[in-house]
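Chain residues, written in single-letter form:
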Amino acid sequence: AAGVFVPVGNLLLLHPYFSDPPVFISVNSPRWSLGCELLFYVLFPFLIRPVRRIAASRLWLWAVVLIGAMVVVAVANYLFVPDSPKSGLLPMAVPQQWFGYIFPVPRMFEFGLGMMLARLVAEGAWPQWLRIWHAGVFAGAGYLLTNYVPSPFNFTLPMIVPIAVLIATVAAADLPGFPGAGYEAALDAFRTAWAAPPPAPPHPPRLAGDPAAPAAARPAAPRPVPDPPPLLRARLRALRGRGPRPA
C-alpha cells in the first residue's frame, strides 16, 4: 500500500500524515515540512478573523496558552506514543519522531503562536527595549540547551521561545519608534532616489573666438516621483492606521 501511495502522497503533500517511515520520509525527506505549511495556508483564511478579534490586552495570554499547548503535546508524545522501534538516525523512537515533529496537526500551535507574534508587533506591544543582539544571544542559548534536554522534548520546546523572540524582535526593529530603520525611512530613500535629476550632459568644447559657442546647459527637470510599490504602500497604510486594523 505504501508503494502505491508514495508518489501520490508526495505530490499532494499528504505523506506527513502517515506514521509509516517509508511514506513520511519518502522521495525527499525534508519535504514533510511542506505538508505542514500546506495545512497552515489552507486554515489561515479561517483563523485570521478570530485572531484579529482578540483584544490587544489578551495577546500575551494567548501566546502563553499556545506555548503551553506545545508542552502538552510533548508530554503526551512521551507518555502515550510508543517508544519503539528506535530511529537509526535520531536518539528517539520513530513513532515519537513522527507525532512530535513531522505530523502537521500538533504543529498548528506553532503557527498560531506566529499569528499572535504578528499581532503583538502590529499593535506596537512588543518590548521596545529588546535589541536584535539580545534575541540572537537568547536563540544561541536555546540552541545549546537542546544538547541537554532529553528526547523527545528536545526537538521543539527548547527553541520555540528563543526563535519566537528573535523573529518578533527583528520584525519590530523595522517599525517606526523601534530601534532600526523603519518603513518611513525606506519610503524616503525610495522617493529621493527617484526624484533626483539625472546628471547634465557634458558641455561641448568651446572654440576660441567662436561667437556661436553654446551657453551652459540648463539643469534637467527632475523625474516625476512614482508611487511606492504596492506591498510597501500597503504596509505603510497599516502602520499609520489607515489600513485595516485588528478589532
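A. View of unusual backbone geometry. Residue serine 84 is joined to proline 85 through a cis peptide bond whose omega torsion reads 0 degrees. On the secondary structure map, proline 85 appears in the loop between helix H4 (59-80) and helix H5 (94-102). Looking along the chain, the bond that leaves serine 151 and enters proline 152 is cis, with omega of 5 degrees. The topology assignment puts proline 152 in the loop between helix H7 (132-145) and helix H8 (157-172). A positive phi angle, near 60 degrees, is found at leucine 13, a position not held by glycine. One can find leucine 13 in the loop between helix H1 (2-12) and helix H2 (21-24).

B. Quick peek at the side chain of serine 87. Along the chain, the position of serine 87 falls in the loop between H4 and H5. Residues within four places of serine 87 in sequence aside, it is in contact with Met92, Ala93, Val94 and Gln97.

C. Examining the packing of helix H6 (residues 108-122) against H8 more closely. Contact pair H6 / H8: the axes reach a minimum separation of 10 Å and the direction vectors enclose 35 degrees. Here the hand of the crossing between H6 and H8 comes out right-handed. Contacts between H6 and H8 involve Glu110, Leu113, Leu117 and Val121 on the former and, on the latter, Ile160, Ala164, Ala168, Ala171 and Ala172. Along the lines of polarity and charge, the residues of the contact of H6 with H8 split into 8 nonpolar, no polar and 1 charged.

D. A nonpolar patch on the surface, seen in detail. A contiguous nonpolar surface patch, about 470 Å² in accessible area, is contributed by Val8, Leu11, Leu12, Leu14 and Phe18. Position of valine 8 relative to the elements: it lies in helix H1. The class for valine 8 is partly exposed, based on a relative accessible area of 44%.

E. Region of interest: the nonpolar core. Membership of the largest hydrophobic core comes to 32 residues, with the highest contact counts inside it found for Leu113, Met116, Leu117, Val121 and Trp126. Elements that contribute at least two residues to this core include exactly helix H3 (32-53), H4, H5, H6 and H8. If you tally residues by element for this core, the top one is H6, at 8 residues.

F. Spotlight on the packing of aromatic side chains. Overall, the coordinates contain 10 aromatic pairs when judged by the stated rule. Pairing tryptophan 32 with tyrosine 101 gives two aromatic rings, centres 4.9 Å apart and planes at 55 degrees, and the pair type is tilted. Placement of the pair is tryptophan 32 in helix H3 and tyrosine 101 in helix H5, with a sequence separation of 69 residues. Members of the aromatic cluster, connected to one another through ring pairs, are Tyr17, Trp98, Phe99 and Phe103.

G. A look at the environment of alanine 93. Mapped onto the elements of the fold, alanine 93 is located in the loop between H4 and H5. The sequence separation of alanine 93 and aspartate 83 amounts to 10 residues, and the corresponding C-alpha distance is 4.9 Å. Not counting the four nearest positions on each side in its chain, alanine 93 is found in contact with Pro82, Asp83, Ser84, Pro85, Lys86 and Ser87.

The rules behind the values
- Residues numbered from 1 in each chain as written.
- Predicted model: local features only at pLDDT ≥ 70, side-chain atom pairs only at ≥ 80, totals over all residues.
- Heavy atoms only, no water.
- Helix = DSSP H or I, 4+ residues; strand = E, 2+ residues; numbered from the N terminus.
- Contact = heavy atoms within 4.5 Å.
- Axes fitted to C-alpha atoms, helices over the stretch in contact; angles between N-to-C directions.
- Left-handed = near helix turned anticlockwise from the far one by under 90°.
- Nonpolar A, V, L, I, M, F, W, Y, C, P; charged D, E, K, R; others polar.
- Patch = residues over 30% accessible without salt bridge, like charges linked within 9 Å, V, L, I, M, F, W, Y side chains within 5 Å.
- Areas by Shrake-Rupley, 256 points an atom, 1.4 Å probe, with all protein chains shown as cover.
- Salt bridge = Lys/Arg side-chain N within 4 Å of Asp/Glu carboxyl O.
- Buried < 20%, exposed > 50% of the residue type's maximum accessible area, 1.4 Å probe, protein only.
- Core = buried A, V, L, I, M, F, W, Y, C linked by side-chain atoms within 4.5 Å.
- Phe/Tyr/Trp six-rings, centres within 6.5 Å; stacked < 30°, edge-to-face > 60°.

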